[in-house]
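Examination of the molecular architecture
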Amino acid sequence: MTISASVHRPPIIAPSMLKCDFGNLIGEIGRLETAGSTWLHWDVMDGHFVPNLSYGAMVIQSVRTRTKAFFDAHLMIGDPAKYLDDYINAGCDAITVHIEAVPDPGPLLKRIRAAGRQAGLALNPVTPVSRIEPFLEECDLVLVMSVEPGFGGQKFMPQVLEKVQSLKTKISPGTLLSIDGGIASPTIASAAKAGCQVFVAGSAVFDEPEYRDAIENLQRLAASR
Ligand code: DX5
Ligand code: ZN
């Protein structure tokens, strides 16, 4: 089953939990649900693949039963194969690994699918599409980074949109194209126009006083491309 065959209809705004108030994680999830969020994007960082440390499978698992939201895990870690089972057991619905961390992600993507989860492959801004092209058939989701991974609140890199356009012509119709980094009111429409269907947004949601207004505004701009 592909993600687009599920209840989640693009454009999908996926709040990046990296930017939430961790002191009130359950409260934040509740606020997002009330605001209409059906996807939550979990940024996992190991302080090695990226120069920042966030949270891991234990934290994700601890809130899994508290919401029905689709859990979209973005693993920015150097050895995802070693920890994959933890994220499967934590109840992640989609698990995305980086091509820069796993040069031959085929077996890993197969393991994710075999566990009944959606397999995702991410590429950094400088990584060419040709690096992931041999694996596109094994992806339910392709994540294009529009900032260098590691931190929220960075400036969107418009040059990655060329890669989105190229990927759009190469992926199968059931594969979702996601974009992550610097997605906000001024940038989301161009990403949608290029072919993105999932929009990860950290600052553009969590820095706003009303999550519902922020999410609906982003949704409207993405749909108006
Ligand atoms: C960056 C993360 C992003 C980030 C998004 O490494 O993958 O998900 O938190 O945050 P904003 O939307 O603020 O760029
Ligand atoms: Zn992310």
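Above this text you will find the structure in question.
What you see is a predicted model, and the numbers here were worked out from it, not measured in a lab.

1. So, the overall build of the protein
Scanning the protein for helices and strands turns up eight helices and eight strands. The C-alpha atoms of the protein give a radius of gyration of 16 Å, which matches the 17 Å a tight globule of 225 residues would have. In terms of overall dimensions, the protein has a C-alpha envelope of 40 × 40 × 35 Å along the principal axes. Classification of the 225 residues of the protein by burial places 54% in the buried group. In the protein, once contacts between residues fewer than 6 apart in sequence are set aside, the share between residues at least 24 apart is 65%. Accessible surface, the protein as shown: approximately 9,700 Å² in total, 52% of it carbon and sulfur. Positive and negative side-chain charges of the protein, numbering 20 and 24 respectively, have mean locations separated by a distance of 5 Å.

2. Comments concerning the pairing of strand β8 (residues 198-201)
The alternating pattern of β8 places V198 and V200 on one face and F199 and A201 on the opposite face, and all of these are buried. Examined bridge by bridge, strand β1 (residues 12-15) and β8 share four bridges and lie parallel to one another. The residue of β8 that forms the bridge with I12 is V198. Taken together, the three bridges between strand β7 (residues 176-180) and β8 define a ladder with parallel strand orientation. Its bridge partner lying in β8, I179 is registered against F199. Remark: the β7/helix α6 (residues 188-194)/β8 crossover connection has right-handed handedness.

3. Examining the packing of helix α3 (residues 80-89) against helix α4 (residues 106-114)
Direction vectors running N to C along α3 and α4 enclose 5°, while the axes themselves pass 11 Å from each other. On the basis of their axis angle, the class for α3 and α4 is roughly parallel. For the pair α3 and α4, contact is made by P80, A81, L84 and D85 and by L108, R111 and I112, respectively. Counted by class, the contact of α3 with α4 contains five nonpolar, no polar and two charged residues.

4. Observations regarding the packing of aromatic side chains
In total, this model carries five aromatic pairs according to the counting rule given. With 4.3 Å between their ring centres and 25° between their planes, W39 and F70 make a pair best called stacked. You can see W39 sitting in strand β2 (residues 39-45) and its partner F70 sitting in strand β3 (residues 70-76), a full 31 residues away along the chain. For the pair W39 and F70, a shared accessibility class is recorded, and that class is buried. Within the aromatic cluster, the residues linked to one another by ring pairs are F22, W42, Y55 and F71.

5. Quick notes on the site of ligand 1
Around ligand 1, a shell composed of 20 residues is seen, among which D43, G150, D180, G202 and S203 lie nearest. Here ligand 1 loses 99% of its free accessible area of 380 Å² to cover by the protein chains. Breaking the shell around ligand 1 down by element, the ones donating at least two residues are β2, β3 and β8. A total of three residues in the shell around ligand 1 trace back to one element, the largest contributor, which is β2.

Here is what the cut-offs are and how they apply
- Residues numbered from 1 in each chain as written.
- Chains lettered and ligands numbered in written order.
- Predicted model: local features only at pLDDT ≥ 70, side-chain atom pairs only at ≥ 80, totals over all residues.
- Heavy atoms only, no water.
- Helix = DSSP H or I, 4+ residues; strand = E, 2+ residues; numbered from the N terminus.
- Rg over C-alpha atoms; globule rule 2.2 N^0.38 Å.
- Buried < 20%, exposed > 50% of the residue type's maximum accessible area, 1.4 Å probe, protein only.
- Contact = heavy atoms within 4.5 Å.
- Areas by Shrake-Rupley, 256 points an atom, 1.4 Å probe, with all protein chains shown as cover.
- Lys, Arg positive; Asp, Glu negative; His and termini not counted.
- Charge placed at Lys NZ, Arg CZ, Asp CG, Glu CD.
- Pairing = 2+ DSSP bridges.
- Right-handed = clockwise from strand over helix to strand, strands pointing away.
- Axes fitted to C-alpha atoms, helices over the stretch in contact; angles between N-to-C directions.
- Parallel < 35°, antiparallel > 145°, perpendicular 65-115°, else oblique.
- Nonpolar A, V, L, I, M, F, W, Y, C, P; charged D, E, K, R; others polar.
- Phe/Tyr/Trp six-rings, centres within 6.5 Å; stacked < 30°, edge-to-face > 60°.
- Near = heavy atom within 4 Å.

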